[in-house]
Amino acid sequence: MALGNSAIETARQTMGHIVQANSSIQNDSQTFTAIMGNGEFVKFAEDTSFGSETQQKLTKALEGISKFGGSIESLQSRTNAFLEQQRQLNNTRY
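Just so you know, these numbers come straight off a predicted model, no measurement behind them. One numbering rule holds for all chains: residues counted from 1, following each sequence as written. Residue-level local features of this predicted model are given only where pLDDT is at least 70; pairs of side-chain atoms are given and counted only at 80 or more, and the full residue set underlies all totals for whole chains, interfaces and linings. Heavy atoms from the whole structure form the basis of all side-chain values; hydrogens and water molecules are not counted.

(A) Region of interest: the pattern of salt bridges. Any carboxyl oxygen of Asp or Glu within 4 Å of a side-chain nitrogen of Lys or Arg constitutes a salt bridge here. Counted by the stated rule, this structure contains 2 salt bridges. Between Glu84 and Arg87 there is a salt bridge; the shortest N-O distance is 2.5 Å. With a gap of 3 residues between them, Glu84 and Arg87 both fall in helix H3 (residues 49-90), about one helical turn apart. Helix numbers and strand numbers start at the N terminus; a helix is a DSSP run of H or I with at least 4 residues, a strand a run of E with at least 2.

(B) Here's a closer look at the packing of helix H2 (residues 39-47) against H3. Remark: H2 packs on H3, axes separated minimally by 5 Å, with the N-to-C direction vectors making an angle of 115°. Classified by chirality, the crossing of H3 by H2 is left-handed. The segment H2 lies against H3, with Phe41, Phe44 and Ala45 engaging Phe50, Gly51, Ser52, Gln55 and Leu58. Partitioned by chemical class, the residues of the contact of H2 with H3 number 5 nonpolar, 3 polar and no charged. With axes taken as lines fitted to C-alpha atoms, and helix axes fitted only over the stretch in contact, angles between N-to-C directions fall between 0 and 180 degrees. In this scheme the crossing of two helices becomes right-handed for a clockwise turn of the near helix relative to the far one and left-handed for an anticlockwise turn of less than a right angle. Contact criterion: two residues are considered in contact whenever any of their non-hydrogen atoms come within 4.5 Å of each other. Each residue is assigned to one of three groups, with Ala, Val, Leu, Ile, Met, Phe, Trp, Tyr, Cys and Pro labelled nonpolar, Asp, Glu, Lys and Arg labelled charged, and all others, Gly among them, labelled polar.

(C) Spotlight on the packing of aromatic side chains. Here a pair means two rings of Phe, Tyr or Trp (six-membered ring of Trp) with centres within 6.5 Å. Their orientation is stacked below 30 degrees between planes, edge-to-face above 60, and tilted elsewhere. Enumeration over the complete set of coordinates arrives at 2 aromatic pairs. Here the aromatic rings of Phe41 and Phe44 are separated by 6.4 Å at their centres, their planes lie at 50°, and the arrangement is tilted. One end of the pair, Phe41, and the other, Phe44, are both in helix H2, 3 residues apart, so they sit about a helical turn from each other. Seen from their ring centres, Phe44 and Phe50 are 6.2 Å apart, and the 70° between their planes marks the pair as edge-to-face. Accessibility here uses a 1.4 Å probe with only protein chains present; expressed as a share of the type maximum, an area under 20% marks a residue as buried, one over 50% as exposed, and anything in between as partly exposed. Of the residues examined, Phe44 reaches a relative accessible area of 35% and is grouped as partly exposed. Through successive ring pairs, a cluster of aromatic residues spans Phe41, Phe44 and Phe50.

As structure tokens, then:
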């Protein structure tokens, strides 16, 4: 049984919200990356154990966010393919 047209549209809208949120997260990630490259932050990170730990944790978090972004892109592609298949099933006459 195929998804109905309204369910397909709801899924597309929800996927759009997820992609938009991911875009915002990726932008924030770039901001953190820029901050971590700031000379004052680098001095702080190199000069204190807390700064060094913070830098390591932020780097690890940013790597995870980057991987998360790739997963969202993959999810979007697979979702769009599935929804297109469902749309085609709706238009099939038996």
